[in-house]
Amino acid sequence: MPLTWTNSINQTNKMALLAWAKETCTDLVQINGQRRYGGPPPGWVGDPPPAGTEVFIGKLPQDMYENVLIPLFQSVGRLYEFRLMMTFSGLNRGFAYAKYSSRRGAKEAIAAFNNFEVREGCAIVVCKSTEKCELSVDGLAASVSQRELEALLRQVTAGLHSVTLCASPCQKRAQLAVLKYSSHQAAAMAKKTLMEGNLSLSSVGMRVAWLNPDLKQKLQLCKEKASSSRVQGGKSLGGPKQAPLSPALCNALDRLNALCQKQYLGTPLFLTKCVQANPNGWLRFWCRVVIPGCPVPFSGFTWVRQDGPGRSGHEEAKAAVALQVLRMLGCQL
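Residues numbered from 1 in each chain as written. Predicted model: local features only at pLDDT ≥ 70, side-chain atom pairs only at ≥ 80, totals over all residues. Heavy atoms only, no water.

Tracing the backbone through its elements, the reader meets Ala111 in helix H3 (residues 103-113). For the pair Ala111 and Cys127, spaced 16 residues apart in sequence, the C-alpha to C-alpha distance is 9.0 Å. (Helix = DSSP H or I, 4+ residues; strand = E, 2+ residues; numbered from the N terminus.)

The structure is reproduced here in C-alpha coordinates:
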(Lines give C-alpha, C1' and ligand atoms only; values in the text may rest on other atoms or scores of the structure.)
Protein backbone atom coordinates (compact mmCIF):
# COMPACT_ATOMS: atom_id res chain seq x y z
CA MET A 1 0.00 0.00 0.00
CA PRO A 2 2.10 2.97 -1.24
CA LEU A 3 1.40 5.99 0.98
CA THR A 4 2.74 9.54 0.72
CA TRP A 5 1.84 10.88 4.13
CA THR A 6 3.25 13.49 6.44
CA ASN A 7 3.96 11.29 9.46
CA SER A 8 3.61 14.00 12.08
CA ILE A 9 -0.12 14.53 11.32
CA ASN A 10 -2.73 12.17 12.77
CA GLN A 11 -0.21 9.42 13.53
CA THR A 12 -2.50 7.33 15.74
CA ASN A 13 -5.24 6.89 13.15
CA LYS A 14 -2.73 6.30 10.36
CA MET A 15 -1.12 3.49 12.33
CA ALA A 16 -4.54 2.02 13.08
CA LEU A 17 -5.31 2.03 9.35
CA LEU A 18 -2.01 0.31 8.51
CA ALA A 19 -2.67 -2.37 11.13
CA TRP A 20 -6.23 -2.93 9.86
CA ALA A 21 -5.10 -3.15 6.22
CA LYS A 22 -2.44 -5.73 7.13
CA GLU A 23 -4.77 -7.77 9.32
CA THR A 24 -7.58 -7.88 6.75
CA CYS A 25 -5.27 -8.12 3.68
CA THR A 26 -6.97 -5.05 2.23
CA ASP A 27 -5.19 -3.33 -0.67
CA LEU A 28 -5.50 0.45 -0.82
CA VAL A 29 -4.03 2.29 -3.81
CA GLN A 30 -3.49 6.05 -3.75
CA ILE A 31 -3.36 7.86 -7.11
CA ASN A 32 -3.77 11.57 -7.85
CA GLY A 33 -5.42 12.69 -4.66
CA GLN A 34 -7.69 9.72 -3.97
CA ARG A 35 -7.19 6.38 -2.24
CA ARG A 36 -9.12 3.45 -3.65
CA TYR A 37 -10.22 0.04 -2.50
CA GLY A 38 -11.59 -2.46 -5.02
CA GLY A 39 -12.85 -1.53 -8.43
CA PRO A 40 -13.11 -4.56 -8.67
CA PRO A 41 -12.73 -6.08 -5.18
CA PRO A 42 -11.11 -9.50 -4.63
CA GLY A 43 -13.22 -12.35 -6.00
CA TRP A 44 -15.35 -10.16 -8.26
CA VAL A 45 -16.56 -11.91 -11.43
CA GLY A 46 -18.34 -10.19 -14.33
CA ASP A 47 -18.98 -6.63 -15.42
CA PRO A 48 -18.85 -3.58 -13.14
CA PRO A 49 -22.13 -2.58 -11.42
CA PRO A 50 -24.61 -0.48 -13.44
CA ALA A 51 -25.29 3.24 -13.01
CA GLY A 52 -27.11 4.16 -9.81
CA THR A 53 -24.99 1.99 -7.53
CA GLU A 54 -22.66 4.72 -6.21
CA VAL A 55 -23.27 7.01 -3.24
CA PHE A 56 -21.57 10.25 -2.24
CA ILE A 57 -20.40 10.55 1.38
CA GLY A 58 -19.82 14.05 2.74
CA LYS A 59 -18.94 15.88 5.96
CA LEU A 60 -16.48 13.20 7.04
CA PRO A 61 -14.08 13.96 9.88
CA GLN A 62 -10.76 14.53 8.14
CA ASP A 63 -8.86 12.17 10.43
CA MET A 64 -11.15 9.21 9.73
CA TYR A 65 -9.96 6.48 7.37
CA GLU A 66 -10.98 3.28 5.61
CA ASN A 67 -10.48 1.08 8.68
CA VAL A 68 -13.64 2.73 10.05
CA LEU A 69 -15.47 3.64 6.86
CA ILE A 70 -15.22 0.46 4.77
CA PRO A 71 -16.58 -1.89 7.49
CA LEU A 72 -19.34 0.63 8.20
CA PHE A 73 -20.51 0.89 4.60
CA GLN A 74 -20.02 -2.82 3.93
CA SER A 75 -22.47 -3.57 6.72
CA VAL A 76 -25.44 -2.77 4.43
CA GLY A 77 -24.24 -4.32 1.16
CA ARG A 78 -21.28 -5.62 -0.81
CA LEU A 79 -18.87 -2.88 -1.89
CA TYR A 80 -17.49 -2.92 -5.40
CA GLU A 81 -15.30 0.14 -4.80
CA PHE A 82 -14.57 2.72 -2.12
CA ARG A 83 -12.72 5.98 -2.91
CA LEU A 84 -11.55 8.39 -0.22
CA MET A 85 -10.35 11.82 -1.37
CA MET A 86 -7.01 12.71 0.22
CA THR A 87 -4.82 15.74 0.92
CA PHE A 88 -1.02 15.69 0.64
CA SER A 89 -0.76 15.72 4.45
CA GLY A 90 -2.57 12.39 4.72
CA LEU A 91 -5.85 13.80 6.03
CA ASN A 92 -8.93 13.07 3.98
CA ARG A 93 -10.69 15.92 2.19
CA GLY A 94 -13.99 15.33 3.94
CA PHE A 95 -15.73 13.24 1.29
CA ALA A 96 -15.69 9.82 -0.35
CA TYR A 97 -17.58 7.62 -2.82
CA ALA A 98 -18.87 4.11 -2.22
CA LYS A 99 -20.00 1.97 -5.16
CA TYR A 100 -22.10 -1.08 -4.35
CA SER A 101 -22.61 -4.30 -6.26
CA SER A 102 -26.30 -3.44 -6.74
CA ARG A 103 -28.66 -0.46 -6.61
CA ARG A 104 -30.28 -1.97 -3.54
CA GLY A 105 -27.00 -1.66 -1.64
CA ALA A 106 -26.79 2.04 -2.53
CA LYS A 107 -30.36 2.64 -1.37
CA GLU A 108 -29.70 0.82 1.90
CA ALA A 109 -26.61 2.96 2.51
CA ILE A 110 -28.53 6.19 1.98
CA ALA A 111 -31.35 5.03 4.27
CA ALA A 112 -28.98 3.87 7.01
CA PHE A 113 -26.21 6.48 6.99
CA ASN A 114 -27.56 9.83 5.80
CA ASN A 115 -27.35 12.07 8.91
CA PHE A 116 -25.66 9.21 10.77
CA GLU A 117 -23.24 10.29 13.53
CA VAL A 118 -19.91 8.58 12.88
CA ARG A 119 -18.73 10.38 16.02
CA GLU A 120 -20.59 12.34 18.63
CA GLY A 121 -21.69 15.56 16.99
CA CYS A 122 -20.35 14.51 13.54
CA ALA A 123 -23.30 13.60 11.29
CA ILE A 124 -22.34 12.64 7.74
CA VAL A 125 -24.25 13.17 4.49
CA VAL A 126 -24.93 10.20 2.21
CA CYS A 127 -26.79 10.63 -1.07
CA LYS A 128 -26.91 9.27 -4.59
CA SER A 129 -23.84 10.13 -6.63
CA THR A 130 -24.56 12.17 -9.76
CA GLU A 131 -21.98 10.11 -11.70
CA LYS A 132 -21.35 12.85 -14.26
CA CYS A 133 -19.38 11.63 -17.27
CA GLU A 134 -19.15 14.71 -19.53
CA LEU A 135 -16.77 17.67 -19.44
CA SER A 136 -16.71 20.93 -21.36
CA VAL A 137 -13.39 22.46 -22.40
CA ASP A 138 -13.79 26.03 -23.63
CA GLY A 139 -11.22 28.40 -25.13
CA LEU A 140 -9.44 25.95 -27.44
CA ALA A 141 -7.54 27.50 -30.34
CA ALA A 142 -9.48 27.63 -33.61
CA SER A 143 -6.66 25.75 -35.35
CA VAL A 144 -7.05 22.62 -33.19
CA SER A 145 -8.57 19.68 -35.05
CA GLN A 146 -10.75 17.01 -33.48
CA ARG A 147 -8.25 14.32 -34.42
CA GLU A 148 -5.36 16.24 -32.80
CA LEU A 149 -7.35 16.90 -29.64
CA GLU A 150 -8.54 13.33 -29.29
CA ALA A 151 -5.06 11.90 -29.81
CA LEU A 152 -3.66 14.19 -27.11
CA LEU A 153 -6.47 13.45 -24.65
CA ARG A 154 -5.96 9.71 -25.03
CA GLN A 155 -2.33 10.22 -24.04
CA VAL A 156 -3.02 12.17 -20.84
CA THR A 157 -6.41 10.81 -19.69
CA ALA A 158 -8.02 7.37 -19.42
CA GLY A 159 -11.51 6.17 -20.32
CA LEU A 160 -12.21 8.71 -23.09
CA HIS A 161 -15.37 7.68 -24.94
CA SER A 162 -15.91 10.51 -27.44
CA VAL A 163 -14.92 14.06 -28.36
CA THR A 164 -17.22 16.65 -29.96
CA LEU A 165 -15.67 19.90 -31.17
CA CYS A 166 -17.67 23.02 -32.05
CA ALA A 167 -17.44 26.81 -32.09
CA SER A 168 -17.35 28.33 -28.62
CA PRO A 169 -20.66 30.02 -27.72
CA CYS A 170 -18.85 32.33 -25.29
CA GLN A 171 -15.53 33.24 -26.92
CA LYS A 172 -14.84 34.58 -30.40
CA ARG A 173 -12.30 32.73 -32.56
CA ALA A 174 -12.20 29.83 -30.12
CA GLN A 175 -13.60 26.30 -29.92
CA LEU A 176 -15.39 24.31 -27.26
CA ALA A 177 -14.99 20.56 -26.81
CA VAL A 178 -17.43 18.18 -25.12
CA LEU A 179 -15.60 15.18 -23.69
CA LYS A 180 -17.49 12.05 -22.71
CA TYR A 181 -15.81 9.48 -20.47
CA SER A 182 -16.64 5.88 -19.61
CA SER A 183 -17.37 6.62 -15.94
CA HIS A 184 -17.68 9.41 -13.40
CA GLN A 185 -14.34 8.44 -11.89
CA ALA A 186 -12.59 8.61 -15.28
CA ALA A 187 -14.19 12.01 -15.97
CA ALA A 188 -13.24 13.35 -12.53
CA MET A 189 -9.63 12.25 -12.97
CA ALA A 190 -9.54 13.77 -16.47
CA LYS A 191 -10.95 17.05 -15.12
CA LYS A 192 -8.21 17.19 -12.48
CA THR A 193 -5.50 16.39 -15.03
CA LEU A 194 -6.71 18.97 -17.54
CA MET A 195 -7.10 21.71 -14.93
CA GLU A 196 -3.61 21.13 -13.58
CA GLY A 197 -1.85 20.52 -16.89
CA ASN A 198 -0.86 22.68 -19.85
CA LEU A 199 -2.03 21.20 -23.13
CA SER A 200 -0.86 24.17 -25.25
CA LEU A 201 -4.16 24.07 -27.14
CA SER A 202 -5.64 27.27 -25.77
CA SER A 203 -5.69 30.63 -27.46
CA VAL A 204 -7.43 32.71 -24.79
CA GLY A 205 -7.34 30.68 -21.59
CA MET A 206 -8.78 27.17 -21.41
CA ARG A 207 -11.65 26.51 -19.00
CA VAL A 208 -12.49 22.96 -17.91
CA ALA A 209 -15.79 22.21 -16.15
CA TRP A 210 -18.50 19.61 -15.81
CA LEU A 211 -20.86 19.92 -18.78
CA ASN A 212 -23.68 22.21 -17.70
CA PRO A 213 -27.16 20.88 -18.66
CA ASP A 214 -28.11 24.31 -20.07
CA LEU A 215 -24.97 24.39 -22.22
CA LYS A 216 -25.60 20.82 -23.37
CA GLN A 217 -29.13 21.74 -24.47
CA LYS A 218 -27.88 24.88 -26.21
CA LEU A 219 -25.25 22.92 -28.15
CA GLN A 220 -27.85 20.31 -29.13
CA LEU A 221 -30.22 23.01 -30.44
CA CYS A 222 -27.39 24.57 -32.47
CA LYS A 223 -26.55 21.16 -33.92
CA GLU A 224 -30.17 20.46 -34.85
CA LYS A 225 -30.54 23.92 -36.40
CA ALA A 226 -27.41 23.46 -38.51
CA SER A 227 -28.54 19.99 -39.57
CA SER A 228 -31.97 21.36 -40.56
CA SER A 229 -30.34 24.12 -42.60
CA ARG A 230 -28.22 21.59 -44.48
CA VAL A 231 -31.27 19.43 -45.21
CA GLN A 232 -33.39 22.34 -46.47
CA GLY A 233 -30.65 23.85 -48.66
CA GLY A 234 -31.86 26.39 -51.24
CA LYS A 235 -35.37 27.78 -51.16
CA SER A 236 -36.40 26.74 -54.66
CA LEU A 237 -35.52 23.06 -54.89
CA GLY A 238 -34.63 22.15 -51.29
CA GLY A 239 -31.17 20.90 -52.28
CA PRO A 240 -27.67 22.01 -51.29
CA LYS A 241 -25.78 24.41 -53.50
CA GLN A 242 -22.58 22.52 -54.17
CA ALA A 243 -20.03 23.19 -56.86
CA PRO A 244 -19.41 20.60 -59.61
CA LEU A 245 -16.89 17.87 -58.86
CA SER A 246 -13.31 19.08 -58.99
CA PRO A 247 -10.26 17.07 -60.08
CA ALA A 248 -9.21 16.95 -56.43
CA LEU A 249 -12.45 15.13 -55.56
CA CYS A 250 -12.09 12.73 -58.45
CA ASN A 251 -8.72 11.41 -57.26
CA ALA A 252 -9.33 11.80 -53.49
CA LEU A 253 -9.80 8.05 -53.01
CA ASP A 254 -6.47 7.29 -54.69
CA ARG A 255 -4.71 9.98 -52.65
CA LEU A 256 -6.13 8.73 -49.35
CA ASN A 257 -5.16 5.13 -50.15
CA ALA A 258 -1.66 6.24 -51.08
CA LEU A 259 -1.29 8.29 -47.91
CA CYS A 260 -2.43 5.40 -45.70
CA GLN A 261 0.02 3.04 -47.42
CA LYS A 262 2.87 5.54 -47.02
CA GLN A 263 2.13 6.01 -43.31
CA TYR A 264 1.53 2.27 -42.74
CA LEU A 265 -2.01 2.94 -41.52
CA GLY A 266 -3.71 0.14 -43.44
CA THR A 267 -6.36 0.25 -46.15
CA PRO A 268 -9.30 2.61 -45.44
CA LEU A 269 -12.73 1.00 -45.12
CA PHE A 270 -15.72 3.08 -46.29
CA LEU A 271 -19.27 2.71 -44.98
CA THR A 272 -21.94 4.75 -46.78
CA LYS A 273 -25.71 4.99 -46.41
CA CYS A 274 -28.09 7.20 -48.36
CA VAL A 275 -30.38 8.95 -45.87
CA GLN A 276 -32.12 11.44 -48.17
CA ALA A 277 -32.85 11.70 -51.89
CA ASN A 278 -34.12 14.98 -53.37
CA PRO A 279 -36.16 15.16 -56.59
CA ASN A 280 -33.46 17.27 -58.25
CA GLY A 281 -30.92 14.45 -58.02
CA TRP A 282 -29.04 15.46 -54.87
CA LEU A 283 -28.38 12.63 -52.41
CA ARG A 284 -27.44 12.98 -48.75
CA PHE A 285 -25.16 10.26 -47.40
CA TRP A 286 -24.01 9.28 -43.94
CA CYS A 287 -20.39 8.15 -44.23
CA ARG A 288 -17.82 6.55 -41.99
CA VAL A 289 -14.16 5.91 -42.80
CA VAL A 290 -12.32 3.37 -40.67
CA ILE A 291 -8.53 3.52 -40.96
CA PRO A 292 -6.89 0.64 -39.05
CA GLY A 293 -3.96 2.80 -37.88
CA CYS A 294 -6.17 5.62 -36.51
CA PRO A 295 -7.65 5.34 -33.01
CA VAL A 296 -11.15 6.50 -34.02
CA PRO A 297 -13.16 6.45 -37.26
CA PHE A 298 -14.09 9.55 -39.24
CA SER A 299 -17.87 10.07 -39.48
CA GLY A 300 -20.16 12.67 -41.00
CA PHE A 301 -22.69 13.62 -43.68
CA THR A 302 -22.14 14.77 -47.25
CA TRP A 303 -24.25 15.78 -50.23
CA VAL A 304 -23.46 14.38 -53.69
CA ARG A 305 -25.10 14.41 -57.07
CA GLN A 306 -25.34 11.30 -59.23
CA ASP A 307 -23.75 12.70 -62.37
CA GLY A 308 -22.73 10.67 -65.37
CA PRO A 309 -22.79 6.94 -66.10
CA GLY A 310 -20.46 4.44 -64.50
CA ARG A 311 -20.50 5.93 -60.98
CA SER A 312 -23.12 5.38 -58.31
CA GLY A 313 -24.09 7.79 -55.57
CA HIS A 314 -22.15 5.63 -53.14
CA GLU A 315 -18.93 6.06 -55.13
CA GLU A 316 -19.46 9.83 -55.22
CA ALA A 317 -20.00 9.82 -51.44
CA LYS A 318 -16.81 7.83 -50.87
CA ALA A 319 -14.84 10.32 -52.96
CA ALA A 320 -16.37 13.29 -51.13
CA VAL A 321 -15.68 11.92 -47.66
CA ALA A 322 -12.16 10.86 -48.69
CA LEU A 323 -11.49 14.49 -49.57
CA GLN A 324 -12.80 15.59 -46.16
CA VAL A 325 -10.55 13.07 -44.38
CA LEU A 326 -7.52 14.30 -46.34
CA ARG A 327 -8.27 17.84 -45.22
CA MET A 328 -8.65 16.73 -41.58
CA LEU A 329 -5.29 15.02 -41.85
CA GLY A 330 -3.76 18.31 -42.97
CA CYS A 331 -3.04 17.39 -46.57
CA GLN A 332 -2.56 20.18 -49.10
CA LEU A 333 -5.17 19.77 -51.84
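Here the focus is the nonpolar core. As a rule of thumb, soluble globular proteins bury nonpolar side chains together. Residues Ile57, Phe73, Phe82, Leu84, Tyr100 and Ile124 are the most contacted members of the largest nonpolar core, which totals 27 residues. Those elements that place two or more of their residues in this core are helix H1 (11-24), strand E3 (54-58), helix H2 (66-74), strand E4 (79-86), strand E5 (92-100) and H3. Filtering out sequence-adjacent residues up to four positions away, Tyr100 remains in contact with Pro49, Thr53, Val55, Phe73, Val76, Gly77, Arg78, Leu79, Tyr80, Gly105, Ala106 and Ala109. Counting 22 residues, the second largest nonpolar core, distinct from the first, contains Phe285, Cys294, Ala319 and Leu323. (Core = buried A, V, L, I, M, F, W, Y, C linked by side-chain atoms within 4.5 Å. Buried < 20%, exposed > 50% of the residue type's maximum accessible area, 1.4 Å probe, protein only. Contact = heavy atoms within 4.5 Å.)

So, on to the sheet that holds strand E1 (residues 29-31). Pairing within the open sheet is antiparallel, and its six strands lie in the order E1-E2-E4-E5-E3-E8. Looking at strand neighbours, the two that pair on one side only are E1 and strand E8 (125-128), the edges of this open sheet. Ignoring strand direction, the axes of neighbouring strands in this sheet form an average angle of 20 degrees. Pairing geometry for E4 and E5, over six bridges, is antiparallel. Paired with Arg83 across the two strands is Tyr97, which belongs to E5. (Pairing = 2+ DSSP bridges. Axes fitted to C-alpha atoms, helices over the stretch in contact; angles between N-to-C directions.)

This part takes up the pattern of salt bridges. Using the criterion set out here, one finds seven salt bridges in the structure. A salt bridge links Glu66 to Arg35, with the nearest nitrogen and oxygen atoms 2.7 Å apart. Of this pair, Glu66 sits in helix H2 while Arg35 sits in strand E2 (residues 34-38), and the two are 31 residues apart along the sequence. Like Arg35, Glu66 is buried. Residue Glu81 is joined to Arg83 by a salt bridge in which the shortest nitrogen-to-oxygen separation is 3.5 Å. Across the pair, exposure class does not vary: Glu81 and Arg83 are buried alike. One salt-bridge network, held together by shared partners, links Glu54, Glu81 and Arg83. (Salt bridge = Lys/Arg side-chain N within 4 Å of Asp/Glu carboxyl O.)

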